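Structure assessment
The residues making up each chain are set out below.
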Amino acid sequence: MAGSTLGTIWKVTTWGESHGKAIGVVVDGCPAGLKLEEADIQKYLDRRRPGQSKFTTKRQEADQVEILSGVFEGMTTGTPISMVVWNIDQRSKDYGNLMEVYRPGHGDYTFDKKYGIRDYRGGGRSSGRETIARVAAGAVAACFLKSLGITVTAYTRSVGPYEAKPEHFNIEERDKNRLYMPDQETAALAEKYVEEIMGKPDSLGGVVECVIDGIPAGIGDPVFEKYDAALAKAVMSIGAVKGFEIGDGFAAARALGSQNNDGFCKGTENEVEKATNHAGGILGGISDGSQVILRAAFKPTPSIAQPQKTVTRGGEETEIVIKGRHDPIVVPRAVVVVEAMAALTTADLLLANMASRMDRIQVFYGRHGAGEDD
Ligand SMILES: Cc1cc2nc3c(=O)[nH]c(=O)nc-3n(C[C@H](O)[C@H](O)[C@H](O)COP(=O)(O)O)c2cc1C
């Protein structure tokens, strides 16, 4: 299917359907010599896996990754890294009643209009399960970034009306609650709220925030390959994402220029620094050396266990009650997906940046040939 490949130098192609045999990804462009083993990838996949708490679907999928190529004796070889996760606990019969009807909030209608054929057992390519492939590829990118001192950390910023408080922020708390919120007190209130909504039965949305730390100034290209534009594309491509922000984002539209501009100052070692970071670490599409901060707004899970109005493929009005196992909120499992998309985008632009200046290319090749005037 067209549209399954992302990136220019660090290129990923994901494949597979939620109820097909497997989900997989090919990562092409990862440099040789990066230490990598299945455990590095599994760690990330385990954060996305369903069945971990009552807020995640009860499907018991092991989501065990196998590296098929591109790694030899624990090191990347510079050749395509192919990874597969076999689908094990798919109950396709839960989806039998969806053959002829369109689920509200899903891509059923639009896929039918576009292709005239669709895998109705779950979302096919638009399923949340496709994100397994992104997370596996993102884990490789995260290893690459870590080797350069760059970290990518996402967490739940808000769940429905409950927003993590900056004064309570503690990243250590993130993995201690079921919502992946770095504020224990707000997480407890939000968990109660999710239970209340589940009981209706209904679903809800929230916001994931992601911080990229240690990124040097100069990443991103002007015009169409701006770092913020590339991040927006990657993050908006995740299912259920309906909004994207960099830095102060939509709040910047309500600020005055004097409040929103980040004044420059001299750092302790005479380097250029910014006194504030309303811009979220990107100016003119290029990283400025401060933290890159982005947010993704997730809509409520579209599959809800209450009757909804819809139409059949034949155009008859009807009612649908969705069976199957669905999260009341996708945000906790999407945290690592946002991290993965941010890591993939950053790895690609870091590599692209290496070709941006003659002086660095000459240093890299150890050659200084004749200039134009000679
Ligand atoms: C990690 C993840 C898990 C998801 N799990 C579910 C789910 O269990 N049930 C559901 O209805 N939607 C789920 N979704 C959302 C749907 O995939 C998505 O809303 C749908 O394909 C329609 O696409 P759109 O919201 O981008 O328009 C999940 C999304 C992500 C990122």
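For the structure, check the block above.
Notes on the structure follow. A quick note: this is a predicted structure, and the numbers were derived from the prediction, not measured.

The rules behind each value
For every chain, the first residue of the written sequence is number 1, and numbering continues from 1 onward in sequence order. Local features in this predicted model are restricted to residues of pLDDT 70 or higher, and side-chain atom pairs are both shown and tallied only at a pLDDT of 80 or more, whereas totals for entire chains, interfaces and linings draw on every residue. Remark: hydrogens and water are excluded; side-chain values derive from all non-hydrogen atoms of the structure. For two strands to pair, DSSP has to find at least two bridges joining them. A helix here means a DSSP run of H or I that spans at least four residues, while a strand means a run of E at least two residues long, and both kinds are numbered starting from the N terminus. Every angle, taken between N-to-C directions, lies between 0 and 180 degrees, and every axis is a line fitted to C-alpha atoms, over only the stretch in contact when it is a helix. Angles below 35 degrees are treated as roughly parallel, those above 145 as roughly antiparallel, those between 65 and 115 as roughly perpendicular, and all remaining angles as oblique. Should the near helix be turned counterclockwise from the far one by less than a right angle, the crossing is left-handed, whereas a clockwise turn marks it as right-handed. Every residue pair with non-hydrogen atoms within 4.5 Å of one another is taken to be in contact. Throughout, the ten residues Ala, Val, Leu, Ile, Met, Phe, Trp, Tyr, Cys and Pro are labelled nonpolar, Asp, Glu, Lys and Arg are labelled charged, and all others, Gly among them, are labelled polar. Each nonpolar core is a collection of buried residues, namely Ala, Val, Leu, Ile, Met, Phe, Trp, Tyr and Cys, held together in the definition by side-chain atoms within 4.5 Å. The rule is simple: take the accessible area with a 1.4 Å probe, protein chains only, and divide by the maximum for that residue type; under 20% is buried, over 50% is exposed, in between is partly exposed. Patch rule: a residue counts if its relative accessible area is over 30% and it has no salt bridge; like charges are joined within 9 Å, and nonpolar side chains (Val, Leu, Ile, Met, Phe, Trp, Tyr) within 5 Å. Accessible surface area values rest on a Shrake-Rupley calculation with a 1.4 Å probe, where residue burial reflects the displayed protein chains alone. For salt bridges, the criterion is a side-chain nitrogen of Lys or Arg within 4 Å of an Asp or Glu carboxyl oxygen. By convention in this text, a residue qualifies as near a molecule or strand provided that one of its non-hydrogen atoms is within 4 Å of it. In the analysis that follows, any N or O atom pair within 3.5 Å is treated as a polar contact, provided that within protein one partner can donate a hydrogen and the other can accept it, and provided that, for residues neighboring in sequence, both atoms belong to side chains. Note on aromatic pairs: the rings of Phe, Tyr and Trp (six-membered ring only in Trp) are paired at centre separations within 6.5 Å, and the planes decide the class, stacked below 30 degrees, edge-to-face beyond 60, tilted for the rest.

Attention shifts here to the sheet that holds strand E1 (residues 5–6). Within the open sheet, the five strands sit side by side as E1-E2-E3-E7-E4. Their pairing is antiparallel. The open sheet has two free edges, formed respectively by E1 and strand E4 (65–69), since each of these has just one partner strand. Both strand E3 (residues 22–28) and strand E7 (residues 81–86) contribute to a ladder of six bridges, which runs antiparallel. Looking at E7, one finds that Val26 is bridged to Ser82.

Close contact between helix H3 (residues 131–146) and helix H7 (residues 331–353) brings their axes to 7 Å; oriented N to C, the two are set at 50°. The pairing of H3 with H7 is recorded here as oblique in orientation. Crossing geometry of H3 relative to H7 is assigned as left-handed. On the side of H3, the interface is formed by Thr131, Arg134, Val135, Ala137, Gly138, Ala141, Ala142, Phe144 and Leu145, while H7 contributes Val336, Val337, Ala340, Met341, Ala343, Leu344, Thr346, Ala347, Leu350 and Leu351. When the residues that make up the contact of H3 with H7 are grouped by side-chain class, the tally is 15 nonpolar, three polar and one charged.

Of all hydrophobic cores here, the largest spans 79 residues; its most connected members are Trp10, Ile41, Met83, Leu231 and Phe298. It is H7 that provides the largest number of residues to this core, a total of 15 residues. Leave out the neighbours within four places in its chain, and Trp10 touches Val27, Asp28, Gly29, Cys30, Pro31, Val140, Ala141, Phe144, Leu344, Ala347, Asp348 and Leu351.

Let us look at the environment of Ala253. Checked against the element boundaries, Ala253 lands in the loop between strand E11 (241–246) and helix H6 (257–260). Along the primary structure Ala253 and Thr156 are separated by 97 residues, whereas in three dimensions their C-alpha atoms are 23 Å apart.

Next up on the list: a nonpolar patch on the surface. Nonpolar side chains collect at one region of the surface, where Phe264, Val272 and Leu283 lie side by side and expose about 330 Å² of accessible area between them. The residue Phe264 is located in strand E12 (residues 264–266) in this model.

This paragraph deals with the site of the ligand. Around the ligand lies a shell of 16 residues, among which His106, Ser126, Lys299, Ser303 and His326 are the nearest. Ala240 has a polar backbone atom sitting 3.0 Å from an oxygen atom of the ligand. In this structure, His326 approaches the ligand through a side-chain N or O atom, which is 2.8 Å from a nitrogen atom. Here the ligand loses 88% of its free accessible area of 630 Å² to cover by the protein chains.

Across all of its chains, the model carries 21 salt bridges by this definition. Among the ionic pairs, Arg49 bridges to Asp46, the shortest N-O distance being 3.6 Å. Owing to a relative accessible area of 29%, Asp46 belongs among the partly exposed residues under this scheme. Here Glu339 and Arg47 are joined by a salt bridge, their closest N and O atoms 3.0 Å apart. Linking Glu339 in helix H7 with Arg47 in helix H1 (residues 38–48), this pair joins segments that are 292 residues apart in sequence. A single burial state applies to Glu339 and to Arg47, both of which are buried. Three or more residues joined by partner-sharing salt bridges are found here, namely Arg103, Asp108, Asp112, Arg118 and Arg313.

Counted under the stated rule, the structure contains six aromatic pairs. Between Tyr102 and Tyr109, the aromatic rings sit 5.4 Å apart at their centres with planes inclined by 75°, giving edge-to-face as the arrangement.

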